[in-house]
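Working through the structure, step by step
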Amino acid sequence: YMDNYTNAYPILKKYNAKATIYMIGSYVYKESYLTKNQLKEMAASGLVNIGSHTMSHGDLSQMNEEQLTYELRDSQTCLEDIVNQPVTDLSYPYGKLTDAVINKARQYYWTAVTVNQGNNTFDPFTVQRTVIFRNMDMKGFCEMLACYP
């Protein structure tokens, strides 16, 4: 979303912090989403790694091989053409994946993240993470962090 540029990016610059933003390839042209110029600027800063969130944000677990290729390869190519850097990381839409999805992702990316929470294994294509939802307030954020040692 646009707020990655207007809200998060200035904080990253202020603290010289790094982040990965997963962009949906076809959403570059949608209102309220990041523009080509914003993606280029953030990627060129060295602070923001642009990853793929597929081409259309569909449920990959329901797609055939041809559709998976489009979603994964074409999104990567689209984003690389914009940022002029390799796009090596993927975020699975909705966290839905199958062995076929993972195997296809391995053809194009170095890592892939899910929305599943828990302990990670050593598989870079099933990375779990802590999700902070858009409607989470500070109290909810603090409560969530208290769950982790």
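Described below are features of the structure shown in this document. All of these numbers come straight from a predicted model, not from anything done at the bench. (Residues numbered from 1 in each chain as written. Predicted model: local features only at pLDDT ≥ 70, side-chain atom pairs only at ≥ 80, totals over all residues. Heavy atoms only, no water.)

A short note on the overall build of the chain
- On a plain count of helices and strands, the chain comes out with 5 helices and 4 strands.
- Along the chain, helices (α) and strands (β) appear in the sequence α-β-α-β-α-β-α-β-α when read from the amino end.
- At 16 Å, the chain has a C-alpha radius of gyration in line with the 15 Å of a compact globule built from 149 residues.
- Overall, the C-alpha framework of the chain stretches about 45 × 35 × 25 Å when taken along its three principal axes.
- Element-wise, carbon and sulfur atoms account for 53% of the exposed surface of the chain, whose accessible area totals about 8,900 Å².
- Counting 13 positive and 15 negative side-chain charges, the chain places the centres of these two groups 6 Å from one another. (Helix = DSSP H or I, 4+ residues; strand = E, 2+ residues; numbered from the N terminus. Rg over C-alpha atoms; globule rule 2.2 N^0.38 Å. Areas by Shrake-Rupley, 256 points an atom, 1.4 Å probe, with all protein chains shown as cover. Lys, Arg positive; Asp, Glu negative; His and termini not counted. Charge placed at Lys NZ, Arg CZ, Asp CG, Glu CD.)

Brief notes about the pairing of strand β2 (residues 48–52)
- Counting buried positions along β2 gives 4 out of 5 residues, so the element sits mostly inside the fold.
- Between the parallel pair strand β1 (residues 19–23) and β2, the chain is carried across by helix α2 (residues 36–44), and the sense of this crossover is right-handed. (Buried < 20%, exposed > 50% of the residue type's maximum accessible area, 1.4 Å probe, protein only. Right-handed = clockwise from strand over helix to strand, strands pointing away.)

Considerations on the side chain of Q38
- Within the element layout of this structure, Q38 appears in helix α2.
- What makes Q38 buried here is its relative accessible area of 12%.
- For Q38, the residues in contact, after removing those within four places along its chain, are M2, Y5 and Y33. (Contact = heavy atoms within 4.5 Å.)

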